[in-house]
Amino acid sequence: MPDVGFRSGAEIRQAVLEGKAVSWRFSPHQKRLRFTLPKMFGGRTYEVCLKGGYTFRPIVSGSAAW
Amino acid sequence: MSEQIVNFKITNLAAEVNESISLEWQGKSFDSGLLAVELDDSAPGGANQGVLNYSQRRASAEFHLRLRFPEFASTLERLGLDPELLRPVSAVLHSEGGILDDHSFALSGRCDLAAHPLFRAEETKACILPGR
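(A) The overall build of chain A, seen in detail. Across its full length, chain A holds one helix and four strands. Going from the N terminus to the C terminus, chain A shows its helices and strands as α-β-β-β-β. The buried share of chain A, taken over its 66 residues, is 20%. Long-range pairs, those at least 24 residues apart, make up 40% of the contacts in chain A with a sequence separation of at least 6.

(B) Structural detail: the interface of chain B and chain A. Listed per partner, the contact involves 44 residues of chain B and 41 residues of chain A. For the side of chain B that touches chain A, the secondary-structure elements that each account for two or more residues are β1 (5-17), β2 (22-25), β5 (49-53) and β9 (125-128) of chain B. Sort the elements by how many residues they give to the side of chain B that touches chain A and β1 of chain B lands first, with 12 residues. Here the residues of the side of chain B that touches chain A sort into 20 nonpolar, 12 polar and 12 charged. Alignment of strand β2 (residues 31-36) of chain A against β9 of chain B, held across four bridges, turns out to be antiparallel. Residue pairing across strands places L33 of chain A opposite I128 of chain B, the latter belonging to β9 of chain B.

(C) Main features of the nonpolar core. In terms of nonpolar packing, the biggest core is built from 41 residues, with I10, L13, V37, F63, L65 and A91 of chain B touching the most fellow members. In terms of residue count, β1 of chain B provides more of this core than any other element does, six residues in total. Aside from chain neighbours lying at most four places away, what touches V37 of chain B is L50 of chain A together with L13, A15, E16, L65 and L67 of chain B.

(D) Just the pairing of β2 of chain A, in detail. With five bridges joining them, β2 of chain A and strand β3 (residues 45-49) of chain A adopt antiparallel strand pairing. Across the sheet, F35 of chain A pairs through a bridge with Y46 of chain A, a residue of β3 of chain A.

(E) View of the confidence of the model for chain B. Residue and element names in this part refer to chain B. Across chain B, pLDDT averages 93, with 98% of residues at or above 70. Within chain B, no element has a lower average pLDDT than β2, which sits at 90, and none a higher one than β5, at 98. With pTM at 0.91, the complex prediction returns an ipTM value of 0.90.

What counts and how
Residues numbered from 1 in each chain as written. Chains lettered and ligands numbered in written order. Predicted model: local features only at pLDDT ≥ 70, side-chain atom pairs only at ≥ 80, totals over all residues. Helix = DSSP H or I, 4+ residues; strand = E, 2+ residues; numbered from the N terminus. Buried ≥ 20, exposed ≤ 12 C-beta atoms within 10 Å, placed from the backbone. Contact = placed C-beta atoms within 7 Å. Nonpolar A, V, L, I, M, F, W, Y, C, P; charged D, E, K, R; others polar. Pairing = 2+ DSSP bridges. Core = buried A, V, L, I, M, F, W, Y, C linked by C-beta atoms within 7 Å. pLDDT = per-residue confidence, 0-100.

Following this line, the structure appears as structure tokens:
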């Protein structure tokens, strides 16, 4: 979900087009990460929630990123 | 910059898992403690980038990450394990998904784990499940 400071998707898109960094937070109650431990640690598979977020900064100039 | 295609740099990611994860080690069971996920700032310059395709309402991003169990690592260190064995696990998350109306993302995808002496890539799997 978008971080605080924006009221709508259109507002965020405008900020992105202006080259501004935008942050998003993981929904803290959704099981987003699935991982399987190696056998030496028991080999179990877990699905767990992530608490935190990430930030994207648009690349205003230059060629395609990847 | 096209208004339909936007390339971006991932400048930060910080997340943690607080749920209990049971790790077995030499016949004993340990609570992993916190699992920390961080952006790998030492990744090559072209890493940690992505694309927003507004015409298709799709996003893709490649996150270079480090995963750490700091509390479990401390436990193993107290038990005398070589600190080299306790270094973070490096992973590359290849994610893609829809751009939603509120401009959140429904990103999901697999993680490729780098070689690690304890978390061997042949047995250790990770992925991000669909969500937002």
